[in-house]
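Here is what each chain is made of, one letter per residue.
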Amino acid sequence: MTDASSPYIYADNAATTPLSHAALDAMMPFLTETFGNPSGIHRIAREAAVALDKARASVAGHLGAAPDEVYFTSGGSESDNWVLRGAVARWRQRYGMQAPTRIVTSQIEHHAILHCCRALERVGVEVIYLPVDTEGRVSAADLEAALDEARSADRSQGLEMPPASLVSIMLANNEVGTIQDIPALSAVAQAHGVLFHTDAVQAVGHIPVDVRRLGVDALSLSGHKFHGPRGTGALVLRRDISLPPLIEGGAQERGERAGTENVAGIVGLAAALDEACSSLEERGAEVAALRDRLMDRIVAEVPDMRITGARDARLPGIASFICHDVDGELLVVLLDRAGVAAATGSACSTGSTDPSHVIAALGVTDPSWSHGALRLSLADDVTNTDVDVLCERVPAAIRRARVMSAMG
C-alpha cells in the first residue's frame with residue numbers, strides 16, 4: 001500500500017485517457033449557452049452547425065481526409081460495427097443474398113471487430129481470421145494467399161467477383177502495441193478490388209495517421225483515447241464509397257448516420273486531436289524512449305518475464321509483458337494497492353478469466369505464461385520520475401504476485 005504522499009501512477013492510458021483542459025474548455029460553451037441543434041435554421045442552431053463544420057474540417061485535416069469524408073459517431077465500436085455491417089449489406093445489395101460473402105480480418109483485432117464478425121457469421125458471412133507472427137504482425141503474403149484462395153473458390157462455381165466484401169486490419173494493437181504495415185496490406189486488398197478498413201482507435205493521436213498514405217478506404221477512431229470525451233468517435237469513409245446506415249432516423253451526417261450530433265463532444269474531440277497532433281512526432285519519440293527504458297529495466301530485474309509485441313514498430317506508450325507463474329488479475333490488484341493503475345489485457349474484456357486472445361495469437365499457449373499478461377500504457381506527459389517509480393513498484397508487485405500465486 002502507498003501512503004498519501006506517494007504518487008499514484010496512472011499507466012492504463014490505452015484503456016482511456018483523462019479529458020484534456022483544452023477539450024473541456026472547447027466543450028463548455030456547447031454545454032451551456034450555445035446549445036442549439038445543428039439541424040435547425042435559427043441563430044442558435046446555426047452557431048452549433050458552424051462549430052460542427054469547423055470540427056469536421058479540423059479532424060479531416062489531421063487525418064489527410066476531406067471534411068465530407070468524416071462522419072461523427074459515438075466511438076470506435078460504433079464505427080467498426082458500421083463499416084463491417086455496412087460492407088456486408090453493400091455487398092449483398094450488389095451481388096445478391098446467395099453470393100458468397102466474406103470478411104477478412106486478423107486474430108488480434110479489438111473485440112468491437114471480432115464480436116461483430118461472430119455475429120455476422122451467424123447470418124451466413126464467412127470470416128477469414130489471418131494469423132500473426134510472434135510479435136503480432138499480419139503478413140501481406142498471408143492476406144494475398146487468403147484472397148487468392150477465396151477467388152479460386154468462387155471461380156470454381158462460375159462466379160466472377162471480388163473475393164471479399166471487406167478487409168479489416170487494425171493499425172495498432174491495443175494490448176501489445178504492434179503497428180501493422182497497413183500500406184502493404186491495403187495494397188493487396190486494392191489489387192483484388194476489395195475495400196480496406198483499419199481500426200485506428202489506438203493509433204490516432206499517438207502516431208501520424210494519414211488515410212491517403214495508408215491507402216485505406218475507411219478508418220475508425222475514438223476521442224477518449226487521445227484526451228477527448230468518451231462517447232465520441234468518427235468513421236472516415238472515402239467519398240466515393242457509401243455504406244448503408246447502421247442507425248436509421250433523421251438526415252444527420254449527410255443522411256448516413258441518424259441522431260442529433262453531440263456537438264459539445266465533437267468539438268471536444270477536435271480540440272483534443274488538435275492538441276495531440278501539435279507535437280506528435282517529437283513527443284512520441286520522447287515517450288518511446290522512456291517506454292524502452294521502462295521495459296528494459298523491468299525485464300532485467302524480474303526473472304522469467306518477456307516483452308510482448310514488436311520492439312520497433314510499436315506505439316510509443318505501450319509497454320507489454322508476460323510473466324511466468326503469475327496471475328495477471330492478481331498482479332493488477334496488487335499494483336493498484338501499490339499505487340499503479342495497469343491492465344492485464346484489453347479493458348473491454350475485463351471480467352473474463354480466459355487468457356488474452358492477443359497473447360494466444362502470438363503463440364503463447366502455456367497457461368503458466370499466458371495468464372500473466374501485463375500492460376503498462378504511459379501518458380504522453382510521462383516523466384523520468386514516473387518511470388523510476390514504476391521500475392520500483394512493478395517488480396516488487398510481480399514478486400509478491402508470484403509468491404501468492406504459488407501459495408494459491
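What you are looking at is a predicted structure, and each value in this text was computed from that prediction instead of being measured.

I would appreciate a short explanation of the packing of aromatic side chains in the present structure.
Within this structure, the stated rule accounts for two aromatic pairs. When the centroid spacing of 5.7 Å and the interplanar angle of 80° are considered together, the rings of Tyr 71 and Trp 82 count as edge-to-face. Highlighted residues: Tyr 71 in strand 2 (residues 70-73) and Trp 82 in helix 3 (residues 76-95), separated in sequence by 11 residues. Assessed through its relative accessible area of 9%, Tyr 71 is described here as buried. Note on Trp 82: relative accessible area 1%, which makes it buried. Consider the rings of Trp 91 and Tyr 95, whose centres lie 4.4 Å apart with planes at 45°: the pair is tilted. In this pair, Trp 91 and Tyr 95 both sit in helix 3, four residues apart, roughly one turn of the helix. The aromatic ring of Tyr 71 is capped on one face by Arg 254, whose charged end is 4.1 Å from the ring centroid. Positioned above the aromatic ring of Trp 369, the side-chain terminus of Arg 306 is 3.8 Å from the ring centre.

What's the story with the nonpolar core in this structure? I'm lost.
Nonpolar side chains in soluble globular proteins tend to end up buried together. Within the largest apolar cluster, 62 residues are counted, with the highest numbers of intra-cluster contacts made by Phe 72, Leu 171, Val 204, Val 209, Leu 219 and Leu 221. A total of six residues in this core trace back to one element, the largest contributor, which is helix 8 (residues 263-277). With sequence-adjacent residues up to four places away left out, Phe 72 is seen in contact with Leu 52, Ala 55, Arg 56, Val 59, Gly 233, Ala 234, Glu 253, Arg 257, Ile 266 and Leu 269. Core analysis: the second largest hydrophobic core is formed by 30 residues, Cys 323, Val 326, Leu 374 and Ala 397 among them.

Sorry if this is basic, but what is going on with the sheet that holds strand 10 (residues 318-323) here?
Strand pairing in a sheet relies on backbone hydrogen bonds, with the paired strands running either antiparallel or parallel. Overall, antiparallel pairing links the three strands, which are arranged 9-10-12 in an open sheet. Each edge of the open sheet is held by one strand with a lone partner, namely strand 9 (305-307) and strand 12 (373-377). Going from strand to strand, the sheet's axes swing by 25° on average, the running direction of each strand aside. Helix 9 (residues 280-301) contacts strand 9, strand 10 and strand 12 of the sheet and is inclined by roughly 15° relative to strand 10.

What counts and what doesn't
- Residues numbered from 1 in each chain as written.
- Predicted model: local features only at pLDDT ≥ 70, side-chain atom pairs only at ≥ 80, totals over all residues.
- Heavy atoms only, no water.
- Phe/Tyr/Trp six-rings, centres within 6.5 Å; stacked < 30°, edge-to-face > 60°.
- Helix = DSSP H or I, 4+ residues; strand = E, 2+ residues; numbered from the N terminus.
- Buried < 20%, exposed > 50% of the residue type's maximum accessible area, 1.4 Å probe, protein only.
- Lys NZ or Arg CZ within 6 Å of the ring centre and 35° of its normal.
- Core = buried A, V, L, I, M, F, W, Y, C linked by side-chain atoms within 4.5 Å.
- Contact = heavy atoms within 4.5 Å.
- Pairing = 2+ DSSP bridges.
- Axes fitted to C-alpha atoms, helices over the stretch in contact; angles between N-to-C directions.

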